[in-house]
Amino acid sequence: MGGFFGAASHHDVVLDVFFGVDYHSHLGTRRAGMIFHDEEVGFQREIHSIENTPFRTRFEDDLPGFKGMSGIGCISDTDPQPLLVRSHLGTFGITTVGAINNAEELVERYFSSGSRQFMAMSSGAVNTTELVAALINQKDNFVEGIKHAQKEIEGSLTLLIMTSDGTIIAARDSMGRLPVLIGKDGEGFCISFESFAYHKLGYHDEYELGPGEIVRVDADGYETISPAGTQMKICAFLWVYYGYPNSNYEGVNVEVMRYRNGAIMARDEAAAGGVPDVDYVAGVPDSGVPHAIGYSTESKAPFGRPFIKYTPTWPRSFMPANQDVRNRVAKMKLIPVPELINGKRLLFVDDSIVRGTQLQGTVNYLHECGATEVHMRSACPPIMFGCKYLSFSRSRSEMELIARRVVQELEGDEGQKHLDEYADSSTERGQCMLKSICEKMGFDSLGYQSLDGMLEAIGIDREKVCTYCWSGRE
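- As annotated in an unreviewed UniProt entry, the chain carries the name Amidophosphoribosyltransferase and comes from Gordonibacter pamelaeae.
- Quoted verbatim from the Sequence similarities (unreviewed entry) field of UniProt, the annotation for the chain is "In the C-terminal section; belongs to the purine/pyrimidine phosphoribosyltransferase family."
- On record in UniProt, under Pathway (unreviewed entry), the comment for the chain is "Purine metabolism; IMP biosynthesis via de novo pathway; N(1)-(5-phospho-D-ribosyl)glycinamide from 5-phospho-alpha-D-ribose 1-diphosphate: step 1/2."

Structure follows, in structure tokens:
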């Protein structure tokens, strides 16, 4: 996916932006960059690959060359950014997060309007942030340009722009699919996805942008330059998986939601016939752990850690494109505690079950280590649709999703007409899917959190939460 951090202050913000961006490293694994503005030297920028090196390590040698009282930076799972652009609106830095599903159509339309070129990446594709900048530059000011870009893009667009006077413009996606928060300290302001990032830097909560809102920020304050809309569809996966435990979105803490989510799952399972009798409830590290704590507390089954993530050399998510390498890396990260596995009945809670490839390897390894039973629970419903709005996955087909694959195996194309039934474990089709996945994966039992249970755990108006990847509904 990706995340960004920016700051404008009466003091140098290089370290604030450096650490603020670093605290978004859980949101992306491919590219990162920073731009600073100083009145004397102007803009300074660096972009690096972080596929094999954490952000902090990759950029620490660049710090002596940076200076400025304004800066923006990003972690990106897509194209190299932030970019530095010169146009009729002036010279400005820009970083974006989102998804553009109609990129090729927009490029061709841009050419047909008389424009002649984009810089091409090695694949021949256009950098999506450059495409956004081109859309913005079709209008006479940044506000109209941003609104135009958001209107033209099929997907979502959240961004930061830093102008040549050091002012930062922040824009939240028109449906608010991702959060944008403003923090304040004694000398300036910052803009961030993750609230904990600026708390650690001495800023306190100041303001949370509404859907579609555009705000101008400088060292002296912030002002709304385009008001928020009334509709919101913030991504539920922020609480279930992507968000960092310390963060709050729409006033709801991530870790607290996960405890509550696990407890609701155990409560509902007990009401439907009882939870399995197990020796330990465990979470698949890291984001499955708080869901498991909630499940354990509610079910009164002991919580344990049969797997420990090895953090000294795997401090962050590392997801190479090659699936075989991904599987090997996933296995290398988790170190077993044999005394908590051999001869034990285990129930694991994972944040989600997407493709199932890495999870199957984990289950096989548990059986090899002597586990007598392995029960699996997913902290969210079966994922039936690829996300149209955020770059969460490199999946090229919905048939890569294990739930959709199993439905196809059970009923072929006819089954694809009954996805709502398959997603509901109380139906005959839902039970068939659970049984098939158990047989395929080697689980002794399988359960998914219900959509209602997940939304109850989030606790805000469910009409304001995007659940497209589970329901297929906008």
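Focus: the packing of aromatic side chains
Link 1 in the chain: Taken as a whole, this structure holds 18 aromatic pairs when the rule is applied.
Link 2 in the chain: Geometrically, the ring pair formed by phenylalanine 307 and tyrosine 365 is stacked, given 6.3 Å between the ring centres and 20° between the ring planes. Placement of phenylalanine 307 in strand β18 (residues 307-309) and of tyrosine 365 in helix α11 (residues 357-368) is noted, with a sequence separation of 58 residues between them.
Link 3 in the chain: For the cation-ring pair, arginine 404 lies above phenylalanine 385, with the distance from its terminal atom to the ring centre recorded as 5.3 Å.

With respect to the domain arrangement of the chain
Link 1 in the chain: Once the domains are mapped, the chain shows domain 1 (2-232) and domain 2 (252-471).
Link 2 in the chain: For domain 1 and domain 2, the distance between their C-alpha centroids amounts to 33 Å.
Link 3 in the chain: Counting residues at the interface gives 18 residues for domain 1, matched by 14 residues for domain 2.
Link 4 in the chain: Taken together, both faces of the contact between domain 1 and domain 2 bury some 1300 Å²; the carbon and sulfur share is 53%.
Link 5 in the chain: Contact with domain 2 buries area across many residues of domain 1, yet Thr29, Arg177 and Met232 alone supply 40% of it, more than any other trio.
Link 6 in the chain: Joining domain 1 to domain 2, the criterion identifies 0 salt bridges.
Link 7 in the chain: Counting every contact that joins domain 1 to domain 2 gives 2 residue pairs in polar contact (both at pLDDT 80 or more).
Link 8 in the chain: Contributions of two or more residues to the side of domain 1 that touches domain 2 are made by β6 (90-100) and β7 (155-162).
Link 9 in the chain: When the residues that make up the side of domain 1 that touches domain 2 are grouped by side-chain class, the tally is 5 nonpolar, 9 polar and 4 charged.

About the cut-offs
Residues numbered from 1 in each chain as written. Predicted model: local features only at pLDDT ≥ 70, side-chain atom pairs only at ≥ 80, totals over all residues. Heavy atoms only, no water. UniProt positions renumbered as here; feature names shortened; annotations may be inferred. Phe/Tyr/Trp six-rings, centres within 6.5 Å; stacked < 30°, edge-to-face > 60°. Helix = DSSP H or I, 4+ residues; strand = E, 2+ residues; numbered from the N terminus. Lys NZ or Arg CZ within 6 Å of the ring centre and 35° of its normal. Domains from an automatic or database assignment. Contact = heavy atoms within 4.5 Å. Buried area = accessible area lost by both parts, 1.4 Å probe. Salt bridge = Lys/Arg side-chain N within 4 Å of Asp/Glu carboxyl O. Polar contact = N/O pair within 3.5 Å; in protein donor to acceptor, adjacent residues only side chain to side chain. Nonpolar A, V, L, I, M, F, W, Y, C, P; charged D, E, K, R; others polar.

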